[in-house]
Amino acid sequence: MLARAVTHALVGLEPRRVEVEAHVRELAAPAFAIVGLADRACQEAKERVASAIRSAELRWPDGRIVVNLAPAELRKEGSGFDVPIALAVLAASRQIPHARLAEHASIGELALDGRIRRVGGVLAVAEGARRGGLTDLLCPSDACGEAALAGVVAVPVRHLADAAAYLRGDLELEPYVPTNGTAAPRSPLDLAEVRGQERARRALEIAAAGGHNLLLGGPPGTGKTMLARRLPSILPRLDDERALEVTRIHSVAGLVDPAHPLVVEAPFRAPHHSASTAAIVGGGPRLRPGEASLAHHGVLLLDELAEFQRPALEALRQPLEDGVITVARAAGTIRFPARFQLVGTMNLCPCGARGDPNAQCSCSAQRLARYKDKLSRALLDRFDLVVAMPRPRATELAAEPGESSHAVCERVSAALDRLRRAPPGRTSDADDFLTRAVERLGLSGRGRARVGRVARTIAALAAADAVNVEHVAEALSYRAPDELAR
Amino acid sequence: MKALCRGELPLLLRAIHDPPKRLYLRGNGAHELLEQPAVAIVGARACSAYGSQVARMLGRELAATGVVVVSGLARGIDADAHRGALDAGGHTVAVLGCGIDRDYPAAHATLARRIAERSLVVSEYEPGVEPAPWRFPARNRIIAGLAVATVVVEARDRSGALITADFALEEGREVFAVPGEITSALSRGTNALLRVGATPLTRAADVLETIGIEPHRDAPVDHPWIALLPASVDELVRVTRLDAGRVATTLAELELLGLVAQGDGIFRAAQ
């Protein structure tokens, strides 16, 4: 007897329809095989499915069972196939009706006792189901919020027995009612906690308003990381379209919070400097999105930038340019969106004493050169704003608390709005000034464009009608110093 | 590429205790360039932002008056002195401690090319000679030998720059040292020179007066903030009570006028 269940496998972020066919030949010698390029986690489904079916007080069919995951050439990964496999086996052994099963897509991992656990990528699978014309998705109850975002009817199932009873018509399951829920609380980090560092705060505000990449340099303990971690607190919330894009990526990585499925805050990712290239840009054997994609429409903080492996840093050049990461495989290429804002922090020398009047730098010339060489010009060129943060004097640390994130965020939102509606143009005076500066300082074409962009953001923050000389001058003060750009 | 034999060496270099047998030249500058008044600017490779700025400023101001700036193409002070001279559109000579066809350190290949485009790169070593530690002290005697005066900007104890200063003293040439903080390891060598009688250098004009060249006088440009420097933007924010953006604007305008320069977040007067 043959039966079929529908689910979706993910290729990168793209759902592909997978038909789970089960064939049960009763009275043959007992055996259970899964074919169709299933990976290890998927092969192990055999044990989970068999145990879960028995725990759900359903009958494990005697005889030879073959499960085929079609199309057979597509690699299937992970444990999300457990539920569709179990349902196909149940239908093939005439325990649930075929017709009902064919109206539903399903996804989920089975526990040995039959409970259904959530897996990553439910949103993308739900979108695949909707595009494929299926309106109902049987999904783990705590992943329903995610599935509902795709506009499908999410049927929450907690246990395999519930799923079987629901498909037989013995049990009514209320479809999940999408709610926006309560908004996820904003991060508790606030700019008010940063004292002094007026220049770096200003640079952070400009970076937030213009989506510029920011490099903070300075000796340890001057608050580089503290400041960088507060950038998300002055970024406005994501609009609906962006929120869905970000949620899709986070869903695949299994990072969605069931209580607040839609990611509405700009994401913030800070991988450790020991991270591999695949961890940062994505890929790896399972083709997972990397930190750069998880930071899509948000902030990617590379703390201690010069300590990262050079290949990992160089791999960021493509997403910084195009906003996508292309992972090429023999079987084809996969694109992960990765339009993030890059924030880097670094010491001014390997020993960290540079820029600190109270310490002696002990680095040799070679060591210093190697440290700076770690950042290729090409990468350095992507930082629109470069700010050196010297160690503040004690009196600055005793200063009043700074302005709160809320106040800064309002200015940033207003500036973003202006930039989107009518970006200010440069006055001819400002143009002449920029040309003179480019000649005097020997800026590259890219350097000139960068100063122009930052000046435009500064003008938008000032609510000016046009970019004036003063805006260009301020923008020039954030260029990379010569000793770094060499 | 050209080579001068001992008889063709510039007078000052021929006068030293141990002149090189040959001097190889590379670049578009005429070899008469070596006969013009020259000042050597040398110092630490791992220099501070302060040292780097002083070297660049001296290179610029000396070259602007027509003095040839001589140095060793090394990282740090040497490179900044060369760059300063190039900024001013003046002449600068790089003396190598390896074969004339080599650029050492490799990171300064572009700098060497820019020097050769206008002035000269010189070496006593024929093409193909590898850089070796013992060749650098020998190179230093040529740096000191080509110059009427040697300026040491920053030097640690036992720095190579002190060897250059020693050669200069032995040949009776003027030696200047830039005073630094007495607590800084990077000033130990220069302060030791001052203690034994080197002339403290407080501005480029000090050197020019000694070698009898009229300092180049631009119309003096001044700004009330110059008196507040060195300072970070944050310090200026507190003193002037302007916001960080306004302070940055003013500093960038002053920087374009060549009045201030930035290093590691600290702005200093550049004249």
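Keep in mind that this is a model prediction, so the values were computed, not measured.

### Section: the overall build of chain A
- A count of helices and strands for chain A gives 22 helices and 18 strands.
- In terms of principal-axis extent, the alpha carbons of chain A reach across some 90 × 45 × 45 Å.
- Taking all 486 residues of chain A together, 50% fall into the buried category.
- Restricting the contact set of chain A to residue pairs at least 6 apart, pairs at least 24 apart contribute 74%.

### Examining the sheet that holds strand β4 (residues 68-71) of chain B
Residue and element names in this part refer to chain B.
- The strand order across the open sheet built from nine strands is β1-β2-β6-β5-β4-β3-β7-β8-β9, with neighbouring strands paired in mixed fashion. With one partner strand each, in any of the chains shown, β1 (2-5) and β9 (199-200) form the two edges of the open sheet.
- Pairing of strand β3 (residues 38-42) with strand β7 (residues 149-152), which is carried by four bridges, proceeds in the parallel orientation. For Ile41, the partnering residue across the bridge sits in β7 and is Val151.
- Against the sheet, helix α6 (residues 160-170) contacts β3, β7 and β8 (174-177), and its axis sits at roughly 155° relative to β7.

### Things to note about the domain arrangement of chain B
Residue and element names in this part refer to chain B.
- Each domain of chain B was delimited in the assignment, giving domain 1 (2-210) and domain 2 (224-269).
- Computed from C-alpha coordinates alone, the two centres of domain 1 and domain 2 are separated by 31 Å.
- Across the contact, four residues belong to domain 1 and five residues belong to domain 2.
- Split into classes, the residues belonging to the side of domain 1 that touches domain 2 amount to two nonpolar, two polar and no charged.

### Observations regarding helix α5 (residues 122-131) of chain A
All names here are of chain A.
- With eight of ten residues buried, α5 lies mostly within the body of the structure.
- Those residues of α5 that sit buried are Val122, Leu123, Ala124, Val125, Ala126, Glu127, Gly128 and Ala129.
- Tucked into the core, α5 has its buried residues touching β1 (2-11), β2 (14-25), β5 (104-106), β8 (136-140), α6 (144-148) and α10 (240-252).
- Where α5 ends, the next residue or the one after it, Gly133, has phi of about 90°, a positive value.

### A short note on the pairing of β8 of chain B
Residue and element names in this part refer to chain B.
- Note that β7 and β8 share four bridges and pair parallel. Of the residues in β8, the one forming a bridge with Val151 is Phe176.
- As paired strands, β8 and β9 are joined by two bridges and run parallel to one another. Its bridge partner being in β9, Phe176 is matched across the sheet by Thr199.

### Describing the interface of chain B and chain A
- Contact with chain B, which involves 24 residues of that partner, is made by 31 residues of chain A.
- The element best represented in the side of chain B that touches chain A is helix α10 (residues 244-256) of chain B, accounting for eight residues.

### A short note on the confidence of the model for chain A
- In the predicted model, chain A carries a mean pLDDT of 89, and the fraction of residues at 70 or more is 97%.
- Of all helices and strands in chain A, the one with the weakest mean pLDDT is helix α22 (residues 482-485) of chain A (60), whereas strand β7 (residues 116-117) of chain A scores best (96).

Parameters at a glance
- Residues numbered from 1 in each chain as written.
- Chains lettered and ligands numbered in written order.
- Predicted model: local features only at pLDDT ≥ 70, side-chain atom pairs only at ≥ 80, totals over all residues.
- Helix = DSSP H or I, 4+ residues; strand = E, 2+ residues; numbered from the N terminus.
- Buried ≥ 20, exposed ≤ 12 C-beta atoms within 10 Å, placed from the backbone.
- Contact = placed C-beta atoms within 7 Å.
- Pairing = 2+ DSSP bridges.
- Axes fitted to C-alpha atoms, helices over the stretch in contact; angles between N-to-C directions.
- Domains from an automatic or database assignment.
- Nonpolar A, V, L, I, M, F, W, Y, C, P; charged D, E, K, R; others polar.
- pLDDT = per-residue confidence, 0-100.

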